[in-house]
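Inside the fold
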Amino acid sequence: MSDNTAVLLQAMRMGGALPPEIVEYMYHNGAFLLFLGFPQASEFGIDYKTWKTGERFMGLKMIPPGVHFVYCSIKSAPRIGFFHNFKAGEIVVKKWNKEAETFEDGEVPAEQIPEKKRQLKSMDNSLAPYPYENYRSWYGLTDFITPETVERIHPVLGRITSQAELVSLETQFMEDAEREHKEKHFKNRVDRQNPVRTRFVDQHGLPIMKIREGYEIRFQEIPALTVTKHQVGIDYSDRLYVLLRGLGGDWKQLLAEMQIAFVCFLQGQVFEGFEQWKRIIHLMSCCSNALGSEKELFMAFIRVLFFQLKECPTDFFVDIVSRDNFLTTTLSMLFANVRDSAHGGAELKKKTAQFKQYLTNQFKWDFDCEDGGEKS
């Protein structure tokens, strides 16, 4: 945690408006986002706050340094957004493309930055201040995310969208071949010599679709696991170890990915974020053999999940999280594994028991009955 972040969090704990000296400091040391040409009365948000834009809206000021998620939507279009590691005093420029209905990067050459900063004074009334009333919640949701996490996971084309850019495998295959200038050897073109085209279809004869290259959120690959309360003794610690090795042995990056996946779904409305979040929870709940060697990871995992569930809006739980009781089923495995572990340690058992009690009290979930679910 940087000194600036610590000061801001301390100010947040005091409640109320920021002290004038911190406002002044953040104006000169916070980042700026210029979001030019964005339509009036559209949705615009950063982190945990969303607005409807006014006619003079040109962006944000006083953004605290660190990773933030910016997102927007016009009319009833799907949300689009991006993560960015804002640096102190940085000016980030995005320009709205009306025809494509998306944002594009606007470069600010280094030699123009002093002049651009002078221009900000005249734009001040058109720049909304960062919503510091939500900063503590945002920090709690994202404290493991680093610039390296964003670089590793963010789509190559720089845009996260709630409506995936899909393409059929057949079309992708043809486009790849043409890009590589292999037309004369290309056998998927229909002509007299090749009357039949290779088709990529599922068992029902429907085209197999994938997210178009460059638009994918580059999550780590985690096989889908089937988890039921009757799978006593099944352990996937080997898969966890493989995953951690793929992250350079840094367990904090696994929790950072869990946090990014959660934000992608909660704020970006990206369903694949929800699926990756579920896959990580499933995996962590079925690793009894790793409880001894990865105590630190599991302690932090409990804290991250606690804060995520604590910050969830009520309708999020009703519509998504509680569907099929996947959390009660999955977490029942985690709680049982920690309870019965000979190597988990007293502190992990204590924290897990407290988390279980919180969920039972807060959401009326019963982890002790035979098939899980809510208490009547």
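Being a predicted model, the structure only gives us computed values, none of them experimental. (Residues numbered from 1 in each chain as written. Predicted model: local features only at pLDDT ≥ 70, side-chain atom pairs only at ≥ 80, totals over all residues. Heavy atoms only, no water.)

1. Remarks on the packing of aromatic side chains
Inspection of the entire model under this criterion finds 30 aromatic pairs. Ring centres 5.0 Å apart and planes at 65° place the aromatic pair F35 and F44 in the edge-to-face group. For F44, a relative accessible area of 0% gives the class buried. In textbook terms, an aromatic cluster arises when at least three aromatic residues are bridged by ring pairs, as seen for F35, F38, F44, W51, F57, F82, W96 and F103. Seen from the ring of F82, K94 lies directly overhead, with NZ or CZ sitting 4.5 Å from the centre. (Phe/Tyr/Trp six-rings, centres within 6.5 Å; stacked < 30°, edge-to-face > 60°. Buried < 20%, exposed > 50% of the residue type's maximum accessible area, 1.4 Å probe, protein only. Lys NZ or Arg CZ within 6 Å of the ring centre and 35° of its normal.)

2. Examining the pattern of salt bridges
Within the structure shown, the criterion is met by eleven salt bridges. Two residues, K278 and E275, come together in a salt bridge whose shortest N-O distance is 4.0 Å. In this pair, K278 and E275 both sit in helix α9 (residues 271-284), three residues apart, roughly one turn of the helix. E275 sits in the partly exposed class, given a relative accessible area of 21%. Note that K310 and E311 form a salt bridge whose closest N and O atoms lie 3.9 Å from each other. (Salt bridge = Lys/Arg side-chain N within 4 Å of Asp/Glu carboxyl O. Helix = DSSP H or I, 4+ residues; strand = E, 2+ residues; numbered from the N terminus.)

3. With respect to helix α13 (residues 346-363)
Its 18 residues place the ends of α13 26 Å apart at the C-alpha level, agreeing with the 26 Å of an ideal helix rising 1.5 Å per residue. Those residues of α13 that fall on the buried side of the exposure criterion are L348, T352, F355, L359, T360 and F363. Projected down its long axis, α13 shows its buried positions confined to an angular sector of 135°, all on one face. In the stretch just after α13, K364 is the one whose phi turns positive, near 60°. (Expected span 1.5 Å × (residues − 1). Arc of directions from axis to C-beta.)

4. As for the sheet that holds strand β1 (residues 31-36)
Here we have five strands laid out as an open sheet, ordered β8-β7-β1-β4-β9, and mixed in their pairing. Sheet topology places β8 (102-106) and β9 (127-129) at the edges, where each strand pairs with a single neighbour. Direction aside, neighbouring strands of the sheet carry axes that sit 25° apart on average. As paired elements, strand β4 (residues 59-63) and β9 share three bridges and run parallel to each other. (Pairing = 2+ DSSP bridges. Axes fitted to C-alpha atoms, helices over the stretch in contact; angles between N-to-C directions.)

5. Focus: the pairing of strand β3 (residues 49-52)
In this sheet, β3 lies alongside strand β2 (residues 43-46) in antiparallel orientation, the contact comprising four bridges. Opposite I46, over in β3, you have K49 as the bridge partner.

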